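Residue-level listing of the chains:
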Amino acid sequence: MEAVHGHDHAHDHHGPTGIMKYLTTTNHKDIGSMYLWFSFSMFLLGGAMALVIRAELFQPGLQIVNPEFFNAMTTYHGLIMVFGAIMPAFVGFANWLIPMQIGAPDMAFPRMNNWSFWLLPPAALLLILAQFTPGGPAGVGWTLYPPLTIQQGMSMDLTIFAVHILGMSSIMGSINIITTVLNMRAPGMTLMKMPLFCWTWLITAYLLIAVMPVLAGAVTMLLTDRHFDTHFFNPAGGGDPVLFQHIFWFFGHPEVYIIAIPAFGVISQVIPAFARKPLFGYSSMVYATASIAILSFLVWAHHMYTVGMPVQAQLYFMFATMLIAVPTGVKVFNWVATMWKGSMTFETPMLFAIGFLFLFTIGGFTGLVLAITPVDVQLHDTYYVVAHFHYVMVAGALFSAFAGIYFWLPKWIGKMYDEGLGKLHFWLSFIFFNLAFFVQHFLGLAGMPRRIPDYSLQFTDFNMVSTIGAFGFGLSQLLFLYIILKAIRSGEKAPQRPWEGADSIEWTMLPTPAPYHSFEKPPVIR
Amino acid sequence: MITRTAHTLLALALSSWAGLAFGEMRFNLQDQKTALGHAVYDLHNAIVVICLIIFIVVFGLMLYSIWKHRKSVGHQAAHFHENTTVEVLWTVIPFLILLGMAYPATKTLLAQRDTSSPDLTVKVTGYQWKWQYEYLDENISFYSTLATPRAQIENVETKTENYLLEVDNEMVVPVGKKVRVLLTAGDVIHAWYVPALAVKQDSIPGFVRDTWFRAEEPGVYRGQCAELCGKEHAYMPVVVRVVSDEDYAKWVTERKAGQGTPVAAAVPATATDAAPAEAAPAPGVAAVADGKAVYDQACLMCHAAGVAGAPKVGDKAAWAPRSAKGLDVLYTHAIGGFNMMPPRGGNTALSDEQVKAAVDHMLAQSR
Amino acid sequence: MASTTHANPNSYYLPAPSHWPVVGSVAVFLLMLSLVMWMNDVNGGLLVMAAAFAVMLYFLFGWFGTVIRESESGLYNKQVDVSYRWAMSWFIFSEVMFFAAFFGALFYMRALSVPWLADAETGDLLWQGFKSAWPVSGPGIEETFTPMGAWGIPAINTLILLTSGLTVTWAHWGLKKNNRGQLTFGLLLTIVLGLVFLSLQVYEYVHAYRDLNLTLASGAYGATFFMLTGFHGFHVTLGTIMLIVIFFRALKGHFTPERHFGFEAVSWYWHFVDVVWLLLFVLVYWLV
Ligand code: HEA
Ligand code: HEA
Ligand code: CUA
Ligand SMILES: [Cu+2]
């Protein structure tokens, strides 16, 4: 179906301009760009906090910050990276790509789409305000475990409400995505013909709708325990601090796949394009993704092996968690089989995709190690866990976002990035990432707890290596910013299809840069 | 056997990386000192080896493909896709591998959770930021706090060997005996973690949870709190001293003699043997009364409301780390001044004894 | 914002740039900020809250006013209608999950944490003398309370809500037959039933606090009782407001027998609130 606009077609000239254009826009591309820029600025903020953490940990002893502030850095680094950087980055991709990939003029609810975005800055503002309240910022970890959260000052409440707003934004965004995918596809674009990226987002959106309200419930209970005398998490009143952990991780585990699954989607577009060969098993990829999503609801207590739950529960959660390796393996094998006997070239997106594959799998394997209960009892709350999740979230999700940005940038802005610099960005990131995080496995194995500003002497060497790696990795990201700005200002003009093997319809049916309203008239899908 | 292979493979994999040649670096779990710990260690190695093999196979194929199937060497893309046999295989084989892992994992887990028939039961309570040990059968109870001086933490003095892993009162247990540890907490969640004994158990306020260990050889085993519990989370170590049966018996007698208070009444303020600060009221009741007068007159104006960041009297959280520095340090700081804290609270007429009495009073009120 | 194209059944309506989303964000921000201020006794919290509500009202009227106007001028074709249906269904699903968190907490405390507190070492060493039971306030709370009986007001409220589910369906039939009288009268009845339900609920709370010593602070039972019934009551309030809005729209002649998604959305919501109540009635009031 074609589109009708609530204004005449010369909108590009008559619509609001300047800042008002972005405040009021209902266009999926503008909104997608805002999401991406917001995400990148949050990444810098969260990254700066990570650098504070790493700088303090360069040596044993307290040198730069006091312990309260250190804990706050850990807390807000985690919250900002997860909710402010990675999630919005992939929502940005969804906004840009879903309409273009399914042949729709825009998202199903353009106005609500804009609201989903504009809820993020107030949430970020609350998190930033929380740094400056009397009593100091909350130093409780991104997992917000009570009773420690009950002891905190006003910053805790600001943080809780920020989480509420982020949840609203995610739920609206997900409703929009589900509706768009289910109801806005061009005629002939059956579900099983959709590019895999759309599939991964459809599944992710379901996860979000199912778990964000649960998180909202959990933090609401925190709030009433803090201010209205309820006893959800207080044993004196029949509650249990561990109850919070159950509710939190019922959200939290699906959350990590909310981060990972869109990343899988991006990789599933990039690898076939540069292998010049279709994805090996399209339908098994769809089923594997759905299985991962369903399983993710059934494994939450693997984050709580040491709380002292009954052994039967531990066994169940161990088995269920191990099972996730099977569908994830199917994905990994599929990607490798797609590369097999292809005709590969290694432009920056492909480099990041291969880097993803390599490092995400390492992170997956360490996840499997953690899934084994008796081993996790040793490793829980140590730097091994920190290493695990940075492998899956930084080398996983973040690398995949880089791959996606380099891949689609020409389509978005109509210009090419500097390939040489892009490759440099990859190699710097790859090397420094491993320097920063590989050694953390050893720290964790040897027993270094996480969330500490100071440590005993035997951990010194690896911490120094890690800090050096972290600073290198951080600086490499400034190079990324430079590459993007350079491409926008003076990049070479991009052809309609700069990647020979890219075959989804945003490449084959749309000019470059993509027109403001993607498909005014629905394309004909064979 | 698998352990041996594991070691070799790990060593190989890591030595290549460790070309940087640092001092003594550890690439694996700490050396285990319990039978269960050995089981965990072997289990971990076995899983790592299996993962390593899968990794090498999968990425060997990928690298081969990257090398051979490049466009730049003129490789033409084949156009095959969807092959049910392959897909079934790569679903079933990993599943079988996982089953193989699940079996030893289950066995180890069941052993780990079997806390039945202990030789000795110790109740451990986590507080911000200290541990309380209560030997339920012996009527022994004491607190254990960080012994590392503040000056080392603040980089004023050089750090000594057991930096952050030393306490004033160690937990002492006999070698070869099954020790059951009951964990609970007084304020927030902590976790009692000793790597070499393969124990980690959260201490949850209001609930008692348990774990156990049976140490194979005498020695001192060090660990720390493993659950974020506030600002001094990094500063609440766990130290377990494993001794022979005779030494243990001797320790118990000495403890009891020095203590003389039944556990029931031993809640917070007992224990002459607790941290020096814990023993503060020692100067005598009179001093305490006197201290209150001095406090009211000279110190209250700041320490009641927390003026200029002064630790509030009654604020346990603020005082615990300070008393951890030792009574003498606090005396010196109160008399000689410390950051924003003026010498003698700004009242030069006070004698050293009076200031000390005031400090005693403040500590007694803040525990 | 003059629309040049109208009611083309083939075109999907895309709204013009709009400032309402940003207004909504300002409202949400102010609301959250004011709540934090109020809870922490910061001066001016109530003032900010008043401002927040003002902006919120402006936003709601503006946004929904625009949507209604667009809908009434026939800009929404069949496909847009389907979009709204998907959206409302998944929104309601998200609400279900929100309640699930609280039902989960109820289950956990009743079936797990309360028995654990009386059990084994936990009971022996920490809470001597505590016996597991339900309803209970918990081992560390001295004060006693009387639980809320099921067969007084709650039973009446159950009947009221079930009836209101019928009346709203009856109104829907009226709409489909184009019997406007039945539509408006059915809606009016539903609204009245909703208001009666809410009044009884308020009465019950007052009774709980004043006579039964049952408060938010009454441990596990008090917390789950008030949070579950409270959030339900809040949803009934929202539902009633929505009913009032469509009642006035119906009076103004909105909705046709063929096209009335606004009406249906509200009735879905109302049925959802109804179902939650049934669960509440069984799990919170009845099976104690
Ligand atoms: C993108 C995010 C992401 C992803 C994808 C994963 C993936 C996995 N995670 Fe991870 N995890 C986190 C993010 C993520 N995790 C975070 C943030 C935390 C910490 C939170 C906190 O405490 O702050 C955490 C913590 C965490 C823990 C708790 C540790 C602890 O606190 O003690 C556990 C334990 O089971 C775990 C397990 C797993 C497993 C089994 C997978 C699996 O999905 C991995 C599956 C993949 C593979 C196994 C590799 C590929 C497979 C093959 C090649 C097939 C063949 C393989 C075999 C047969 C073995 N994770
Ligand atoms: C996807 C999410 C994500 C991402 C991308 C990252 C990225 C990084 N993380 Fe983090 N991390 C988490 C999610 C993430 N992290 C979570 C969830 C936790 C757990 C929190 C908790 O325990 O509660 C955690 C915890 C965590 C810890 C453990 C803290 C502790 O236990 O006390 C450490 C320590 O090394 C760390 C380091 C890093 C580093 C060095 C990066 C780097 O990749 C960052 C690189 C980027 C930059 C460095 C920015 C570049 C900018 C500049 C160089 C300029 C800066 C200057 C100005 C802005 C003026 N992270
Ligand atoms: Cu106690 Cu951390
Ligand atoms: Cu998980």
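For the structure itself, look to the data block above.
The structure contained in this document is the topic of the report that follows. Keep in mind it's a predicted model, so treat the numbers as computed, not measured.

Parameters at a glance
Residues numbered from 1 in each chain as written. Chains lettered and ligands numbered in written order. Predicted model: local features only at pLDDT ≥ 70, side-chain atom pairs only at ≥ 80, totals over all residues. Heavy atoms only, no water. Contact = heavy atoms within 4.5 Å. Buried area = accessible area lost by both parts, 1.4 Å probe. Salt bridge = Lys/Arg side-chain N within 4 Å of Asp/Glu carboxyl O. Buried < 20%, exposed > 50% of the residue type's maximum accessible area, 1.4 Å probe, protein only. Helix = DSSP H or I, 4+ residues; strand = E, 2+ residues; numbered from the N terminus. Pairing = 2+ DSSP bridges. Near = heavy atom within 4 Å. Polar contact = N/O pair within 3.5 Å; in protein donor to acceptor, adjacent residues only side chain to side chain. Nonpolar A, V, L, I, M, F, W, Y, C, P; charged D, E, K, R; others polar. Donors = N, O, S within 2.8 Å, 3.2 Å for Na, K, Ca; no water. Axes fitted to C-alpha atoms, helices over the stretch in contact; angles between N-to-C directions. Core = buried A, V, L, I, M, F, W, Y, C linked by side-chain atoms within 4.5 Å. Phe/Tyr/Trp six-rings, centres within 6.5 Å; stacked < 30°, edge-to-face > 60°. 1 Å grid on protein atoms, 1.4 Å probe; cavity = no way out; pocket = protein on both sides within 12 Å on 5 of 7 lines; lining within 4 Å. Points joined across faces, edges and corners; volume = space filled by probe spheres on them. Patch = residues over 30% accessible without salt bridge, like charges linked within 9 Å, V, L, I, M, F, W, Y side chains within 5 Å. Areas by Shrake-Rupley, 256 points an atom, 1.4 Å probe, with all protein chains shown as cover. Parallel < 35°, antiparallel > 145°, perpendicular 65-115°, else oblique. Left-handed = near helix turned anticlockwise from the far one by under 90°.

**Examining the interface of chain B and chain A**
Opposite the 90 residues of chain B that make contact, chain A presents 99 residues. Regarding the contact of chain B and chain A, the summed buried area is about 8,100 Å², with carbon and sulfur atoms giving 70% of it. The largest contributions to the chain B side of the interface with chain A come from B:Trp90, B:Lys200 and B:Leu228, which together make up 9% of the buried area. Counting across the interface, chain B meets chain A through one salt bridge. Between A:Glu500 and B:Lys71 there is a salt bridge, with its nearest N and O atoms 2.8 Å apart.

**Remarks on the pairing of strand 10 (residues 237-243) of chain B**
Note on strand geometry: in a regular strand, side chains alternate between the two faces of the sheet. Residue and element names in this part refer to chain B. The buried fraction of strand 10 is high, at six of seven residues. Strand direction decides the pairing type here: strand 4 (residues 171-174) and strand 10, joined by four bridges, are parallel. The residue of strand 10 that forms the bridge with Met171 is Val240. Bridge count between strand 9 (residues 219-224) and strand 10: six bridges; the pairing is antiparallel. Across the sheet, the residue bridging to Gly223 is Val238, located in strand 10.

**What to know about the site of ligand 1**
Within the structure, ligand 1 sits among 32 residues, and A:Trp142, A:Tyr257, A:Asp376, A:His380 and A:His388 are positioned closest to it. Two or more chains meet at ligand 1, and those chains are chains A and B. Within the side chain of A:Trp142, a nitrogen or oxygen atom sits 2.8 Å from an oxygen atom of ligand 1. In this structure, an oxygen atom belonging to ligand 1 sits 3.4 Å away from a main-chain N or O atom of A:Leu370. Only helix 10 (241-275), helix 13 (325-339), helix 14 (348-371) and helix 16 (383-413) of chain A provide two or more residues apiece to the shell around ligand 1. Taken together, the residues of the shell around ligand 1 sort by class into 20 nonpolar, ten polar and two charged.

**Considering the site of ligand 2**
Residues and elements named next belong to chain A. Around ligand 2, 29 residues are found, and the nearest of them are Arg54, His77, Trp142, His390 and Arg451. One of the side-chain N or O atoms of Arg54 is found 2.9 Å from an oxygen atom in ligand 2. Here Trp142 contributes a backbone N or O atom positioned 2.7 Å from an oxygen atom of ligand 2. The set of elements that each furnish at least two residues to the shell around ligand 2 consists of helix 3 (28-56), helix 4 (67-102), helix 16, helix 17 (419-445) and helix 18 (460-490). A per-class count over the shell around ligand 2 returns 18 nonpolar, eight polar and three charged.

**Digging into the coordination of the copper ion (ligand 4)**
Residues and elements named next belong to chain A. At this site the copper ion (ligand 4) is bound by His253 (ND1), His302 (NE2) and His303 (NE2), with donor distances of 1.9 to 2.1 Å. The motif formed by the donor residues of the copper ion (ligand 4), counted along the single chain, is H-x48-H-H. In this structure, the copper ion (ligand 4) lies 4.5 Å from the iron atom of ligand 1. Here His302 lies in the loop between helix 11 (282-295) and helix 12 (311-323) and His253 lies in helix 10, a separation of 49 residues in the sequence. Given the relative accessible area of 12%, His302 is considered buried.

**Digging into the pairing of strand 7 (residues 199-203) of chain B**
All names here are of chain B. The buried fraction of strand 7 amounts to five of the five residues, a majority that puts the element mostly inside the structure. Residue alternation in strand 7 divides its side chains into two sets, Val199, Gln201 and Ser203 and Lys200 and Asp202, and both sets are buried. With five bridges joining them, strand 6 (residues 190-194) and strand 7 adopt antiparallel strand pairing. Following the sheet pairing, His190 is matched in strand 7 by Ser203. In sequence, strand 6 turns back onto strand 7 through a hairpin of four residues, with Ala198 there showing a positive phi of about 55 degrees.

**Considering the sheet that holds strand 5 (residues 179-185) of chain B**
Residue and element names in this part refer to chain B. Overall, mixed pairing links the five strands, which are arranged 3-2-1-5-8 in an open sheet. Each edge of the open sheet carries a strand with a single partner, namely strand 3 (140-144) and strand 8 (209-213). Taking the axes of each pair of neighbouring strands and ignoring which way they run, one obtains an average angle of 25 degrees across the sheet.

**Some remarks on the nonpolar core**
Judged by nonpolar contacts, the single largest core of 383 residues is most densely connected at B:Tyr135 and B:Trp192. A total of 22 residues in this core trace back to one element, the largest contributor, which is helix 9 (residues 196-227) of chain A. Ignoring anything within four residues of it in the chain, the contact list for B:Trp192 reads B:Val124, B:Trp131, B:Tyr133, B:Met171, B:Val181, B:Leu183, B:Val199, B:Lys200, B:Gln201, B:Phe213, B:Val238 and B:Val240. With 16 residues, the next largest nonpolar core counts B:Ala298, B:Trp319, B:Ile335 and B:Val359 among its residues.

**Section: the packing of aromatic side chains**
Residue and element names in this part refer to chain A. In this structure the tally under the stated criterion is 103 aromatic pairs over all chains. Taken together, a centroid distance of 6.2 Å and an interplanar angle of 10 degrees make the contact between Phe83 and Phe251 stacked. Note that Phe83 is positioned in helix 4 and Phe251 in helix 10, a separation of 168 residues in sequence. The exposure class assigned to Phe83 is buried, which follows from its relative accessible area of 5%. Where Tyr391 meets Phe433, the ring centres are 4.8 Å apart and the plane angle is 70 degrees; that geometry is what we call edge-to-face. You can see Tyr391 sitting in helix 16 and its partner Phe433 sitting in helix 17, a full 42 residues away along the chain. The same class applies to Tyr391 and to Phe433, which are both buried.

**Considerations on empty space enclosed by the protein**
On inspection of all chains with the given rule, the structure shows five cavities of 30 Å³ or more. Of the voids in this model, the largest cavity is the one considered here, and its volume is about 170 Å³. In terms of lining residues, the largest cavity is bounded by 19 residues, among which A:Met87, A:Pro88, A:Val91, A:Ser170 and A:Leu208 are the most central. Of all the secondary structure elements, the ones that give two or more residues to the lining of the largest cavity are helix 4, helix 8 (154-183), helix 9 and helix 10 of chain A. Class assignment for the residues of the lining of the largest cavity results in 15 nonpolar, four polar and no charged. Roughly 130 Å³ of volume is contained in the second largest cavity. Lining the second largest cavity are 16 residues; nearest its centre among them are B:Gln112, B:Arg113, B:Lys200, B:Gln201 and B:Thr211. Of the residues that constitute the lining of the second largest cavity, the class distribution is seven nonpolar, six polar and three charged.

**Concerning a nonpolar patch on the surface**
Residues and elements named next belong to chain C. On the surface, Trp170, Trp173, Phe185, Leu188, Leu189, Val192 and Val196 cluster together into a nonpolar patch covering about 620 Å² of accessible area. Looking at the nonpolar patch, the elements with two or more residues in it are helix 5 (153-176) and helix 6 (180-210). For the nonpolar patch, the leading source of residues is helix 6, giving five residues. The topology assignment puts Phe185 in helix 6. Overall, the relative accessible area of 45% leaves Phe185 in the partly exposed class.

**Focus: the coordination of the iron atom of ligand 1**
For a metal with four tetrahedral donors the ideal donor-metal-donor angle is 109.5 degrees, whereas six octahedral donors ideally subtend 90 or 180 degrees. From the protein, the iron atom of ligand 1 takes a single donor atom, A:His388 (NE2), 2.1 Å away. As for its placement among the helices and strands, A:His388 is situated in helix 16.

**Things to note about the sheet that holds strand 9 of chain B**
Paired through backbone hydrogen bonds, the strands of a sheet run either parallel or antiparallel to each other. Residue and element names in this part refer to chain B. Spatially, three strands are ordered 4-10-9 in an open sheet, and the strand pairing comes out mixed. In this open sheet, the two edge strands, each paired with only one partner strand, are strand 4 and strand 9. If you compare each strand with its neighbour and ignore which way they point, the axes differ by 25 degrees on average.

**A few points about the packing of helix 3 of chain A against helix 18 of chain A**
To describe two helices that pack against each other, one gives the angle between their axes and the distance between the axes. Residue and element names in this part refer to chain A. Relative orientation of the contacting elements helix 3 and helix 18 amounts to 160 degrees, with a least axis distance of 10 Å. When the axis of helix 3 is compared with that of helix 18, the two are roughly antiparallel. Note on packing geometry: the crossing formed by helix 3 with helix 18 is left-handed. In this structure, helix 3 uses Trp37, Phe40, Phe43, Leu44, Leu51, Arg54 and Ala55 to contact helix 18, whose residues at the interface are Asn463, Ser466, Thr467, Ala470, Phe471, Gln477, Leu478, Phe480, Leu481, Ile484, Leu485 and Ile488. Taken together, the residues of the contact of helix 3 with helix 18 break down into 14 nonpolar, four polar and one charged.

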